[in-house]
Amino acid sequence: MLFKEKPIIVANWKMNPINSKEAKELLDLYIKTINFNNINLVVAPPVIYLELLKTLLISSKVNNIYLSSQNICSEYVGAFTGEISVGMVKDVGCKYTIIGHSERRQYYQETNELIAKKCLTALNSKLIPIVCVGETKQQLEQGEMEVKSILNKQLKFILDDYANQSVDKNLEFLIAYEPVWAIGSGLSADASYINNICGYIREAITNATDSKINVKILYGGSVNKDNFKSIFALPNINGALIGGGSLIPSEFATICNNC
Ligand code: PGA
């Protein structure tokens, strides 16, 4: 066992696969090839496939597999064309939601303030947030101090709101450390670097909330069958967020079955 406690592995399908038939096949392959005794698996498909996958999961009777949306609206209901509310994703069976993925920050101009608001909306509705943070390549090149300062800013908005609001502090809260330069690039961060940064994130969270919040830290960014062992053995990591690798069922099963 690489992890001391049962890890959380999140499969972020992004805008894949191309139709519902392939989405069903992908989930079917997960169910057939993954041993769910040692992991909690969270599948984050495009929202349009959630209803189908929920039905499949109910009929498969597999335990330890949960659904997540890849995003939510910061508002609860109303005139927000094109948005999906927290209530809607819960209604189709989601227990989790990804918030603030770097692709949302980069392509849809999501700010730290908006991400913090989404996070509160999720927590207020008892939907577990998986909040993504991480530095760009340019920020990495400016050195570790700069990276930590960026992460601090990304975390601060969330933690300030979290500490000041009457949300249930016992609810799980996941932070995914995803260096932007490692996402989809095939370049994973060095193991000791990941451990150091995740340790920093954990400390920043403990200091900011002044309480023992139930936070788990995931690593994401080009996790694959060749590098997962060295990453999963790190003491500061509780799981992983996997994009490209989760679309290759045999590779994904190898990772999940050797945690
Ligand atoms: P990747 O994506 O595993 O393809 O790098 C991770 C992510 O974006 O969450």
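Refer to the structure above for everything that follows.
Residues numbered from 1 in each chain as written. Predicted model: local features only at pLDDT ≥ 70, side-chain atom pairs only at ≥ 80, totals over all residues. Heavy atoms only, no water.

As a further point, take the nonpolar core. Membership of the largest hydrophobic core comes to 86 residues, with the highest contact counts inside it found for Ile-9, Tyr-30, Leu-41, Ile-130, Ile-201 and Phe-232. The element best represented in this core is helix 8 (residues 191–209), accounting for seven residues. If sequence neighbours within four positions are ignored, Tyr-30 has contacts with Ala-11, Trp-13, Phe-36, Leu-41, Val-43, Ser-246 and Phe-252. (Core = buried A, V, L, I, M, F, W, Y, C linked by side-chain atoms within 4.5 Å. Buried < 20%, exposed > 50% of the residue type's maximum accessible area, 1.4 Å probe, protein only. Helix = DSSP H or I, 4+ residues; strand = E, 2+ residues; numbered from the N terminus. Contact = heavy atoms within 4.5 Å.)

Bringing the pattern of salt bridges into the picture now. Where charged atoms from two side chains of opposite charge approach closely, those side chains can pair. Inspection of the entire model under this criterion finds ten salt bridges. Lys-118 is the salt-bridge partner of Glu-110, the closest N and O atoms lying 2.8 Å from each other. Across the pair, exposure class does not vary: Glu-110 and Lys-118 are buried alike. The partner of Glu-144 in a salt bridge is Lys-148, with the nearest N and O atoms 2.9 Å apart. Here Lys-148 and Glu-144 lie together in helix 7 (residues 144–164), a separation of four residues that amounts to about one turn. Overall, Lys-148 belongs to the buried group, its relative accessible area being 18%. Overlapping salt bridges bring together Arg-104, Glu-110 and Lys-118 as one network. (Salt bridge = Lys/Arg side-chain N within 4 Å of Asp/Glu carboxyl O.)

The next thing to look at is helix 8. With 19 residues, helix 8 extends 27 Å between its outermost C-alpha atoms, agreeing within 8% with the 27 Å of an ideal straight helix rising 1.5 Å per residue. Buried residues of helix 8: Tyr-193, Ile-194, Asn-195, Ile-197, Cys-198, Gly-199, Tyr-200, Ile-201, Ala-204, Ile-205 and Thr-209, and no others. (Expected span 1.5 Å × (residues − 1).)

To continue, consider the state of the cysteines. Counted under the stated rule, the structure contains zero disulfides. Counting only cysteine sulfurs, Cys-259 is the nearest neighbor of Cys-256, a cysteine outside any disulfide, at a range of 5.8 Å. (Disulfide = S-S within 2.5 Å.)

The next point concerns the environment of Asn-124. Topologically, Asn-124 is positioned in helix 5 (residues 112–124). The spacing of Asn-124 and Val-167 is 43 residues in sequence and 5.8 Å in space, taken between C-alpha atoms. Reaching out from Asn-124, the side chain makes a polar contact with the side chain of Tyr-76 at a distance of 3.4 Å. (Polar contact = N/O pair within 3.5 Å; in protein donor to acceptor, adjacent residues only side chain to side chain.)

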